[in-house]
Amino acid sequence: MKTDMNFKALLTLIIAIIIFGCSPEKSQNENFTSSLLQFDQQIDSIISNMTLEEKVNMLHGKTMFTSAGVERLGIADMKYADGPFGIREELQAHGWMPLGWTKDSATFFPTGSALAATWSPELAYEYGKGMAREARIRGKDMILGPAINIQRIPTGGRTYEYLSEDPLLSSQLSVGYTKGAQDNGAAVCLKHYALNNQENNRGTVDVIVGERAMREIYLPPFKAAVREADGGLQ
């Protein structure tokens with residue numbers, strides 16, 4: 001049952017991209033229910049026709065930045081664009097080495113901290129819009145961004161990617177970025193996990209935080225982007 005729920009979440013996103021190329025209507029109700037649930041019946045039907053091998057194949061990467069689809073059921077591969085402020089050049093299938101193409105140039109957008117300095121949700125929307133258009137030109141379905149962790153460690157290796165140390169500002173900008181991207185045909189993946197605010201030992205560090213601090217400081221940008229813009233989580 002848990003495995004099927006994982007597939008349902010992935011298939012919801014894929015079908016939304018195929019059908020709309022953008023995010024559907026947004027719910028502002030405090031009792032949040034994603035509008036993506038409208039696809040539940042269609043997704044259940046697809047899952048019921050999948051073999052175990054097809055399900056397993058969707059659980060891991062096909063290449064460095066793609067996830068496998070199921071061709072016989074009309075589920076396309078998912079192609080990801082890294083990272084949050086520019087579309088990365090094409091890489092080898094299973095590594096970080098670039099292919100060395102001369103036809104895959106992209107705009108180097110200002111970093112997240114520079115965007116935050118504008119205090120402008122409207123500009124954040126245009127930012128996401130520009131990112132989405134370049135992602136789609138390159139055939140990408142999802143942007144691995146925006147990066148919306150709270151800036152808490154000045155020496156953090158990714159601090160410059162994040163939107164600010166203020167949860168309200170970060171929330172409003174994350175919604176603008178997410179809507180801008182998803183209204184223009186690219187899904188987003190909010191990152192890099194809530195409370196993952198440092199680069200050193202980020203895969204093993206034990207983050208000890210009180211519930212009030214977690215809910216008032218660290219979670220608001222993720223909550224806002226999910227509830228107000230149907231953003232997906234990494």
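Residues numbered from 1 in each chain as written. Predicted model: local features only at pLDDT ≥ 70, side-chain atom pairs only at ≥ 80, totals over all residues. Heavy atoms only, no water.

Focus: the overall build of the protein
On a plain count of helices and strands, the protein comes out with 8 helices and 6 strands. Counted from the first residue to the last, the protein has its helices and strands arranged as α-α-α-β-β-β-α-α-β-α-β-α-α-β. Relative to its 234 residues, the protein shows a buried fraction of 45%. At a minimum sequence separation of 6, the contacts of the protein that also span at least 24 residues come to 70%. In the structure as shown, the protein presents an accessible area of about 12,600 Å², 53% of it carried by carbon and sulfur atoms. (Helix = DSSP H or I, 4+ residues; strand = E, 2+ residues; numbered from the N terminus. Buried < 20%, exposed > 50% of the residue type's maximum accessible area, 1.4 Å probe, protein only. Contact = heavy atoms within 4.5 Å. Areas by Shrake-Rupley, 256 points an atom, 1.4 Å probe, with all protein chains shown as cover.)

Let's talk about unusual backbone geometry
With an omega dihedral of 5 degrees, the bond running from G145 to P146 counts as a cis peptide bond. Cis geometry is adopted by the peptide bond preceding H192, which originates at K191 and carries an omega value of 5 degrees. Considering the arrangement of structural elements, one finds H192 in the loop between strand 5 (187-190) and helix 7 (211-218). For W119, which is not glycine, the phi torsion reads 55 degrees and is therefore positive. Among the structural elements, W119 can be located in the loop between helix 4 (112-116) and helix 5 (121-137). Among the residues examined, W119 registers a relative accessible area of 61% and is labelled exposed.

A look at the packing of aromatic side chains
Overall, the coordinates contain 5 aromatic pairs when judged by the stated rule. With 5.6 Å between their ring centres and 20 degrees between their planes, F85 and F108 make a pair best called stacked. Of this pair, F85 sits in the loop between strand 3 (78-81) and helix 4 while F108 sits in the loop between strand 3 and helix 4, placing them 23 residues apart in sequence. Since its relative accessible area comes to 12%, F85 is described here as buried. The exposure class assigned to F108 is exposed, which follows from its relative accessible area of 66%. When the ring of F109 is compared with that of Y127, the centres are 5.2 Å apart and the planes differ by 45 degrees; the resulting orientation is tilted. With F109 in the loop between strand 3 and helix 4 and Y127 in helix 5, this residue pair connects regions lying 18 residues apart in the sequence. Under the relative-accessibility criterion, F109 is labelled buried at 14%. Chaining the aromatic ring pairs together yields one cluster made of F85, F108 and Y160. Here the guanidinium or amino end of K103 rests over the ring plane of W101, the centre of that ring lying 5.2 Å away. (Phe/Tyr/Trp six-rings, centres within 6.5 Å; stacked < 30°, edge-to-face > 60°. Lys NZ or Arg CZ within 6 Å of the ring centre and 35° of its normal.)

A closer look at the environment of A132
In this structure, A132 sits in helix 5. Separated by 51 residues in sequence, A132 and D183 have C-alpha atoms that sit 8.6 Å apart. Residues contacting A132, with those up to four places away along its chain left out, are I143, G180, A181, N184 and A186.

Here's the deal with the sheet that holds strand 4 (residues 142-143)
Here 6 strands make up an open sheet; going across it, the order is 1-2-3-4-5-6 and the pairing mixed. The strands lining the two open edges of the sheet, one partner per strand, are strand 1 (61-63) and strand 6 (232-233). Direction of pairing for strand 4 relative to strand 5: parallel, over a ladder of 2 bridges. Bridging across to strand 5, I143 finds its partner in V188. (Pairing = 2+ DSSP bridges.)

A few points about the pairing of strand 3
In the sheet, strand 2 (residues 66-67) pairs with strand 3 via 2 bridges, with the strands oriented antiparallel. By the bridge assignment, T66 is partnered in strand 3 with K79. With 2 bridges connecting them, strand 3 and strand 4 associate as parallel partners. For Y80, the partnering residue across the bridge sits in strand 4 and is M142.

Any functional reading would require information that these geometric values do not contain.
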